[in-house]
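# Reading the structure
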Amino acid sequence: MTRVGLGVLIAVTLGAATFLAQGQQPANNFPLAAPAGKDNWKYGPAFNAPAGSKIWNPVKLKMMAGQKVTGGTVFSATDPTTYCAMANAGYDFIWTEQQHDGRDWELTSRLWRTCPHAKAVPGVRVAYADEREIQHAMDAGALVVVVPTIDTVEEAIAARDWVYFPPLGKRSQGGGQAFDPAVFGGVPGGYRQTINDNIVLVLMIETLEGAKNAAEIAKVPGVTALFAASGDLGNFSGYAQGSPDYERLINIVHDAAIGAGKRLCGPLAWRDRPDFTCFQAGTETAAIARGVAAELGPLANTQGKPEVGPFAGK
C-alpha cells in the first residue's frame, strides 16, 4: 500500500473512532419499527388478503354453504387428455391419487397445468402428512388436499402446517406453477394473499387411534373436513362394514366433524347418509365404463359371440 493510501485509511479510522467516542451514532437508513427493548415479534400485514376479498375456489364456496361436493378419482392416468376429460365431466374436484399410485409430482403437475381452470379444481390425496409431499402439491396448484391415516392431533397439525402459509401454517414460499398467471397467479387479491382462505384440507380417519382422537383432530384450525374412510376403517379395525362396531366408529367420526363445525366426507355410496356433504367418486376407468353403459343403454355389452378364436367366450 502507498504512503498516501495508508494515510487516508488511518485518517478515516481515527475519524470514525472520534465520532463514536463523542456519543454520536452513524445515520441509520433503516430504523427499527419499534424502540429497542420492546416486543416486536408479531406477524406483519404484508400478505393479508385485501379487504372484501371473495372466495374464488368453487369447492370451498360450496362447502362453506353446506352443499354437497364430489371428487372424481384419477388413479393411474398419465395422459393429460384423460385427466382433463375427468375434470370436465361434472365433478367438483379431482382426487388425484398420489398415495397408492406411482405417479411422480412432475407428471401430476403436468396433468393439472393442462387444464387448470376446468370445471373440477385440482385436488390430491398425498401419501402422508409430510412437508415435501404437501408443499409439492401446493406449489403445483392443489386446491383440495386430502391427507390419509391421521392418527393424532400432532399429525393433523403437521398436515395443516405444510398446507397453509404463515401465520396459520409453515408453508414455504418456494414458487411453483401455482403462482403462474396461467394457473392461479392472476386470481383476484393475489395467490399468496388469498390461498389460505381458499384451500380445502381434508383429513382421513382410518384407524382406531384416529377415531379415538377424532374430536380433537377436528378442532385443529385450518382443517376443513374429516373423511370417514369406509374401507380402511374396516381394514385397521377388523370390523366388517355394516356391523355394529364398524358403524360405531363411523358415528364417532361423524360426531367429531359435526361437533367441530367441519364438513363430513365419505365414499359416494354414502351420499344419502345424514350430514355427509363431500364424497370421493370412482376412478377414471370406472367412470368410462359407467359413461359407456349410460350412452349405449340396451346396446351395451351385446357383442357377437364367436365359437372360435381369441374372442370366443368373451
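The structure we're discussing is the one just above.
In what follows, the accompanying structure is described. Every value quoted in this text rests on a predicted model; they were computed, and no experiment measured them. Sequence order sets the numbering: in each chain, residues are counted from 1 along the sequence as written. Per-residue local features of the predicted model are confined to residues with pLDDT of at least 70, and side-chain atom pairs are confined, for both listing and counting, to 80 or more; whole-chain, interface and lining totals are unaffected and use all residues. Values reported for side chains reflect all heavy atoms of the structure, with hydrogen atoms and water molecules removed beforehand.

## Brief notes about unusual backbone geometry
Of the consecutive residues proline 166 and proline 167, the connecting peptide bond is found in the cis state with omega at 10 degrees. Tracing the chain through its elements places proline 167 in the loop between α6 (153–163) and α7 (191–198). The phi dihedral of threonine 149 falls on the positive side, at around 50 degrees, and the residue is not glycine. Runs of H or I in DSSP of at least four residues are treated as helices and runs of E of at least two as strands, each being numbered from the N terminus. Looking at the secondary structure, you find threonine 149 in the loop between β4 (144–147) and α6. Residue exposure (1.4 Å probe, protein chains only): buried if accessible area is under 20% of the type maximum, exposed if over 50%, otherwise partly exposed. Classification of threonine 149 as partly exposed rests on a relative accessible area of 26%. In the Ramachandran plot, asparagine 301 falls in the positive-phi region, its phi being about 55 degrees despite a non-glycine side chain. Here asparagine 301 lies in the segment after α12 (284–296).

## Some details on the side chain of aspartate 139
Within the secondary structure, aspartate 139 sits in helix α5 (residues 131–140). Here aspartate 139 falls in the buried class, since its relative accessible area comes to 17%. Contacts were defined at the residue level, with two residues in contact if any of their heavy atoms lie within 4.5 Å. Other than its neighbours up to four places away in sequence, aspartate 139 contacts Arg171, Gly175, Gly176, Gln177, Ala178 and Phe179.

## Remarks on the sheet that holds strand β1 (residues 69–74)
Sheet architecture is closed into a barrel: eight strands sit in the order β1-β2-β3-β4-β5-β6-β7-β8, paired in parallel fashion. Across the sheet, the mean angle separating the axes of adjacent strands is 25 degrees when strand polarity is ignored. As defined by bridge partners, β1 adjoins strand β8 (residues 278–283) across four bridges and the pair is classed as parallel. Its bridge partner being in β8, valine 69 is matched across the sheet by cysteine 278. Pairing between two strands requires that DSSP report at least two bridges joining them. To get an axis, a line is fitted to the C-alpha atoms, and for a helix only the part in contact is used. The angle between two axes follows their N-to-C directions and goes from 0 to 180 degrees.

## Let's talk about the packing of aromatic side chains
Pairs were defined over the aromatic rings of Phe, Tyr and Trp, the Trp ring being its six-membered one, requiring ring centres within 6.5 Å. Orientation was assigned from the angle between planes: stacked under 30 degrees, edge-to-face over 60, tilted for the rest. As enumerated under the stated definition, the model contains six aromatic pairs in all. In this structure an aromatic cluster arises from ring pairing among Phe165, Phe179 and Tyr191. Two conditions define a charge sitting above a ring: the NZ of Lys or the CZ of Arg must be within 6 Å of the ring centre, and it must be within 35 degrees of the ring normal. Here the guanidinium or amino end of arginine 192 rests over the ring plane of phenylalanine 47, the centre of that ring lying 4.3 Å away. Taking the ring centre of phenylalanine 165 as reference, the NZ or CZ of arginine 192 above it sits at 4.2 Å.

## Here's the deal with α5
Counting buried positions along α5 gives seven out of 10 residues, so the element sits mostly inside the fold. The complete set of buried residues in α5 reads Glu133, Ile134, Gln135, Ala137, Met138, Asp139 and Ala140. Along its buried surface, α5 packs onto α4 (105–114), β3 (121–125), β4, α6 and α7. For α5, the N-terminal cap is aspartate 130; the gap from its side-chain oxygen to the backbone nitrogen of arginine 132 is 3.0 Å. Looking one or two places after α5, you find glycine 141, whose phi comes out positive at around 115 degrees. Distance and chemistry together define a polar contact, namely a pair of N or O atoms within 3.5 Å, with one atom able to donate a hydrogen and the other to accept it when in protein, and with adjacent residues in sequence counting only for side-chain atoms on both sides.

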